[in-house]
Amino acid sequence: MHTMTRSPADHDAVRGVHTRAFAGDPRVPALVDALRAARAALPTVSLVSTVDDEVVGHVMLSACRLDTTPRLVDVYSLSPLGVLPEYQRRGTGTALVARALAEADARGVPLVFLEGSPRYYGTRGFQDASGLDFRPPTLRYPPGAFQVARLSGYEEWMTGTFVYSDIFWDMDCVGLRD
Ligand SMILES: CC(C)(COP(=O)(O)OP(=O)(O)OC[C@H]1O[C@@H](n2cnc3c(N)ncnc32)[C@H](O)[C@@H]1OP(=O)(O)O)[C@@H](O)C(=O)NCCC(=O)NCCS
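Below or above, wherever it landed, is the structure these notes cover. Owing to the predicted nature of the structure, the values given are computational and were not obtained by experimental measurement.

1. Focus: helix H1 (residues 8-21)
- For H1, which comprises 14 residues, the first-to-last C-alpha distance of 20 Å matches the rise-based estimate of 20 Å (1.5 Å per residue) to within 8%.
- Phi turns positive, to about 50°, at Ala23, one or two residues after H1.

2. Overview of the site of the ligand
- For the ligand, the set of nearby residues contains 17 residues, the closest of which are Val83, Arg89, Gly91, Gly93 and Thr94.
- Measuring from an oxygen atom of the ligand, one finds a backbone N or O atom of Gly91 at 2.7 Å.
- In this structure, an oxygen atom belonging to the ligand sits 2.8 Å away from a main-chain N or O atom of Gly93.
- Its free accessible area being 870 Å², the ligand has 65% of it covered by the protein chains.
- Residues belonging to the shell around the ligand are distributed by class as follows: 6 nonpolar, 6 polar and 5 charged.

3. Thoughts on the packing of H1 against helix H2 (residues 27-37)
- Axis separation between H1 and H2 bottoms out at 8 Å; the angle between their running directions is 145°. Touching His11, Val14, Arg15, His18 and Thr19 of H1 are Val28, Pro29, Val32, Asp33 and Arg36, all from H2.
- Its residues assigned to classes, the contact of H1 with H2 comprises 4 nonpolar, 3 polar and 3 charged.

4. Thoughts on helix H3 (residues 92-106)
- Compared with the 21 Å implied by 1.5 Å per residue over 15 residues, the 21 Å span of H3 between its first and last C-alpha is a close match.
- Of all the residues in H3, the buried ones are Thr92, Gly93, Leu96, Val97, Ala100, Leu101, Glu103 and Ala104. One face of H3 carries all of its buried residues, which in axial projection span an arc of 165°.

5. Side note on the pairing of strand S5 (residues 111-115)
- In terms of burial, S5 is a largely internal element, 4 of the 5 residues being buried.
- With H3 bridging strand S4 (residues 72-83) and the parallel S5, this β-α-β connection has right-handed handedness.
- In this sheet, strand S8 (residues 146-150) lies alongside S5 in antiparallel orientation, the contact comprising 5 bridges. Bridge pairing links Phe113 to Val148 in S8.

6. Looking at the packing of aromatic side chains
- Counting across every chain of the model gives 9 aromatic pairs.
- Aromatic pair Phe113 and Phe146: ring centres 5.7 Å apart, planes at 15°, arrangement stacked. A residue pair is termed long-range when its members are at least 10 positions apart, and Phe113 in strand S5 and Phe146 in strand S8 qualify at 33 residues.
- You can call Phe146 buried: its relative accessible area is 2%.
- On the basis of an interplanar angle of 85° and a centroid distance of 5.1 Å, the ring pair of Tyr120 and Tyr121 is categorised as edge-to-face.
- By relative accessible area, Tyr120 is classed as partly exposed at 27%.
- Exposure remark for Tyr121: the relative accessible area of 10% places this residue in the buried category.
- Through a chain of ring-to-ring contacts, the aromatic side chains of Phe113, Phe134, Tyr141, Phe146, Phe162, Tyr164 and Phe168 assemble into a single cluster.

Thresholds applied
- Residues numbered from 1 in each chain as written.
- Predicted model: local features only at pLDDT ≥ 70, side-chain atom pairs only at ≥ 80, totals over all residues.
- Heavy atoms only, no water.
- Helix = DSSP H or I, 4+ residues; strand = E, 2+ residues; numbered from the N terminus.
- Expected span 1.5 Å × (residues − 1).
- Near = heavy atom within 4 Å.
- Polar contact = N/O pair within 3.5 Å; in protein donor to acceptor, adjacent residues only side chain to side chain.
- Areas by Shrake-Rupley, 256 points an atom, 1.4 Å probe, with all protein chains shown as cover.
- Nonpolar A, V, L, I, M, F, W, Y, C, P; charged D, E, K, R; others polar.
- Axes fitted to C-alpha atoms, helices over the stretch in contact; angles between N-to-C directions.
- Contact = heavy atoms within 4.5 Å.
- Buried < 20%, exposed > 50% of the residue type's maximum accessible area, 1.4 Å probe, protein only.
- Arc of directions from axis to C-beta.
- Right-handed = clockwise from strand over helix to strand, strands pointing away.
- Pairing = 2+ DSSP bridges.
- Phe/Tyr/Trp six-rings, centres within 6.5 Å; stacked < 30°, edge-to-face > 60°.

This is the structure we're talking about:
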């Protein structure tokens, strides 16, 4: 089952999911809280997957920009995606990604970007963004990690540099560091 997060209890549970999914890295639950609290051009989309009322997975979409020649375009970043370790490999992440893309499409957002494994996201609606004339926000992305889903609002002139919101930079959550 997949629902939008609503209550503070959901927010606690979401923090718990990311704390465990990302092996205790405190930046990920903190990123979710900061994105939730931020004012942005597009509302965040926060989806949970539940089993018997327990939150076992979560995905967030947050507002970022594409710097195109005619203008800045509001787009979404898909980050983070996490599933509790004991619930992984049951299709939960796949369903959350599909639902997130459907939400973005329903809101008329043309593009969703992420950094992630091409093996995972490449079969879940995403393509190599560098090969489609998009420029990544950092040179530190591993090859193939910069990915995009083009939705029904996408038009061919929408090429340019993907620009994260300040929160990702403030929290040093762009790209992997050694
Ligand atoms: C990545 C993650 C969200 C996948 O969720 P999930 O519910 O297990 O995924 P699904 O069951 O829908 O999909 C299973 C696929 O994911 C792969 N997968 C699942 N967990 C994985 C892991 N920890 N590492 C690598 N691949 C993994 C499986 O091999 C399988 O691949 P296939 O489709 O080629 O057979 C989940 O493993 C997770 O939370 N990982 C830790 C946090 C993380 O890395 N998030 C992604 C950041 S971009």
